[in-house]
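Tertiary structure, described
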Amino acid sequence: MCDDMSETIQTFYRSYVINKADTPKVDSLLTLYCTVELKNVVMEALNDDDYDFVLNGCGGCIIDEKTVFVTKQSPKYKVTFKIPKYPVSSGLATVTVYVKVNTQGRISSIIRPSDNYEVP
């Protein structure tokens, strides 16, 4: 496994943002980049509660994939992206999530920074 997975995580997130409304593509992306446990938790939350752990609850927001950036912060990675501020304004707000990668190079958990909740 490569020491820095930033590019891989960024590729996943940018693809995810583009395809977030397409359940079969989301399923495929999660299968390709994430552990089975994480995929199952994310898909269950999307299906049951419409909550998107991958995007820190911003699944319904407009996200430009070019605003997705990943920074390695051992032992995790910081993922940031921009969404329109609420209520509607001309500015953008930055959203952050943290991800961990296992020794096989798969995203194994996602951490919501507001309360440090980690899935799975």
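Refer to the structure printed above.
We now turn to the structure provided with this report. (Residues numbered from 1 in each chain as written. Predicted model: local features only at pLDDT ≥ 70, side-chain atom pairs only at ≥ 80, totals over all residues. Heavy atoms only, no water.)

**Remarks on the pattern of salt bridges**
Defined as follows: The salt bridge definition used is simple: a Lys or Arg side-chain nitrogen within 4 Å of an Asp or Glu carboxyl oxygen. Put simply, DSSP H or I for four residues or longer makes a helix, DSSP E for two residues or longer makes a strand, and each gets a number counted from the N terminus.
One pass over the full model with this rule turns up four salt bridges. Of the charged contacts in the structure, one is a salt bridge between K39 and D27, with a shortest N-O distance of 3.3 Å. Placement of K39 in helix α3 (residues 36–48) and of D27 in helix α2 (residues 23–33) is noted, with a sequence separation of twelve residues between them. Residue D115 pairs with R112 through a salt bridge whose shortest N-O separation is 2.8 Å.

**Digging into the packing of helix α1 (residues 6–19) against α2**
A pair of packed helices is captured by two measures, namely the crossing angle of their axes and the spacing between those axes. So the rule is basically this: Orientation is described by axes fitted as lines to C-alpha atoms, over the contacting stretch for helices, and by angles from 0 to 180 degrees between their N-to-C directions. Note that the term roughly parallel is reserved for angles under 35 degrees, roughly antiparallel for angles over 145, roughly perpendicular for angles of 65 to 115, and oblique for everything else. Residue contacts are defined here by distance: any two heavy atoms, one from each residue, within 4.5 Å place the two residues in contact. Following the grouping adopted for this structure description, the nonpolar residues are Ala, Val, Leu, Ile, Met, Phe, Trp, Tyr, Cys and Pro, the charged ones are Asp, Glu, Lys and Arg, and the polar ones are all others, Gly among them.
Viewed as axis vectors pointing N to C, α1 and α2 meet at an angle of 170 degrees, and their least axial separation amounts to 9 Å. Between α1 and α2, the angle is such that the two are roughly antiparallel. Taking contact as the criterion, the partners of T8, T11, F12, S15, Y16 and N19 in α1 are, on α2, K25, V26, L29, L30 and Y33. Looking at the contact of α1 with α2 residue by residue, the classes come out as six nonpolar, four polar and one charged.

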